[in-house]
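Topology and contacts: notes
Below, each chain spelled out in residue letters.
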Amino acid sequence: MEDLQADYHKRCGEEDTRARQRQREADDMQRERRDGDQAAARAEKTRANTSSEQCYEMLRILHGKRQRAATMSEGERADLQRFEDNYKSRCPR
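Let me sum up the structure you'll find in this document. (Residues numbered from 1 in each chain as written. Predicted model: local features only at pLDDT ≥ 70, side-chain atom pairs only at ≥ 80, totals over all residues. Heavy atoms only, no water.)

A few words on the side chain of Glu84. Mapping Glu84 onto the fold places it in helix α2 (residues 74-90). Given the relative accessible area of 14%, Glu84 is considered buried. (Helix = DSSP H or I, 4+ residues; strand = E, 2+ residues; numbered from the N terminus. Buried < 20%, exposed > 50% of the residue type's maximum accessible area, 1.4 Å probe, protein only.)

Attention now goes to the packing of helix α1 (residues 2-67) against α2. Contact geometry for α1 and α2: axes closest at 10 Å, N-to-C directions at 155°. Taken together, the axis directions place α1 and α2 in an arrangement best described as roughly antiparallel. Considering only the axes of α1 and α2, their crossing is left-handed. When α1 is examined against α2, the residues Gln54, Cys55, Met58, Leu59, Ile61, Leu62, Lys65 and Arg66 are found in contact with a partner set consisting of Leu80, Phe83, Glu84, Asn86, Tyr87 and Arg90. Across the contact of α1 with α2, the residue classes tally to 8 nonpolar, 2 polar and 4 charged. (Axes fitted to C-alpha atoms, helices over the stretch in contact; angles between N-to-C directions. Parallel < 35°, antiparallel > 145°, perpendicular 65-115°, else oblique. Left-handed = near helix turned anticlockwise from the far one by under 90°. Contact = heavy atoms within 4.5 Å. Nonpolar A, V, L, I, M, F, W, Y, C, P; charged D, E, K, R; others polar.)

Moving on, we come to the environment of His63. As for its placement among the helices and strands, His63 is situated in helix α1. Assessed through its relative accessible area of 42%, His63 is described here as partly exposed. In this structure the C-alpha to C-alpha distance between His63 and Arg31, which are 32 residues apart in sequence, comes to 48 Å.

Counting 8 residues, the largest nonpolar core consists of Cys55, Met58, Leu62, Met72, Leu80, Phe83, Tyr87 and Cys91. Contributions of two or more residues to this core are made by α1 and α2. Met58 has contacts with Phe83, Asn86, Tyr87, Arg90 and Cys91, leaving out every residue within four places of it along the chain. (Core = buried A, V, L, I, M, F, W, Y, C linked by side-chain atoms within 4.5 Å.)

Helix length check: α2, at 17 residues, gives a terminal C-alpha distance of 24 Å against a target of 24 Å (1.5 Å per residue), a fit within 8%. Considered for burial, the residues of α2 that qualify are Leu80, Phe83, Glu84 and Tyr87. Projection of α2 onto a plane perpendicular to its axis shows the buried side chains occupying an angular sector of 100°, all on one side. Away from the buried face of α2 by more than 90 degrees, exposed residues Glu74, Arg82 and Ser89 are located. Buried residues along α2 sit against α1. (Expected span 1.5 Å × (residues − 1). Arc of directions from axis to C-beta.)

Under the defined criterion, the tally for this structure stands at 0 aromatic pairs. A cation over a ring is seen here: Lys65 above Phe83, with NZ or CZ 4.8 Å from the ring centre. (Phe/Tyr/Trp six-rings, centres within 6.5 Å; stacked < 30°, edge-to-face > 60°. Lys NZ or Arg CZ within 6 Å of the ring centre and 35° of its normal.)

Turning next to the pattern of salt bridges. Counted according to the given criterion, the structure contains 9 salt bridges. Here Asp7 and Arg11 are joined by a salt bridge, their closest N and O atoms 2.9 Å apart. One end of the pair, Asp7, and the other, Arg11, are both in helix α1, 4 residues apart, so they sit about a helical turn from each other. Its relative accessible area of 65% is what places Arg11 among the exposed residues. Between Glu44 and Arg47 there is a salt bridge, with its nearest N and O atoms 2.7 Å apart. (Salt bridge = Lys/Arg side-chain N within 4 Å of Asp/Glu carboxyl O.)

Structure, rendered in structure tokens:
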């Protein structure tokens, strides 16, 4: 049995070592890819949350401005219209 093991290590030791190294490298690449995907998903979730919060804040401001629309000057109404347009373009429903 010892002779067979010694013969195996003599004949196949380097190939076995290279195969194990290739497998470790493949595992490392897969782990890096998975970690990158997870980081991208977290970044997208953060971006979506930030965008949602900004849209909520814009809508809150828009409601306040609309309540004062009757007493606004022409320039203020134009600003309100631009704000509404900006809200519609940034915050699709």
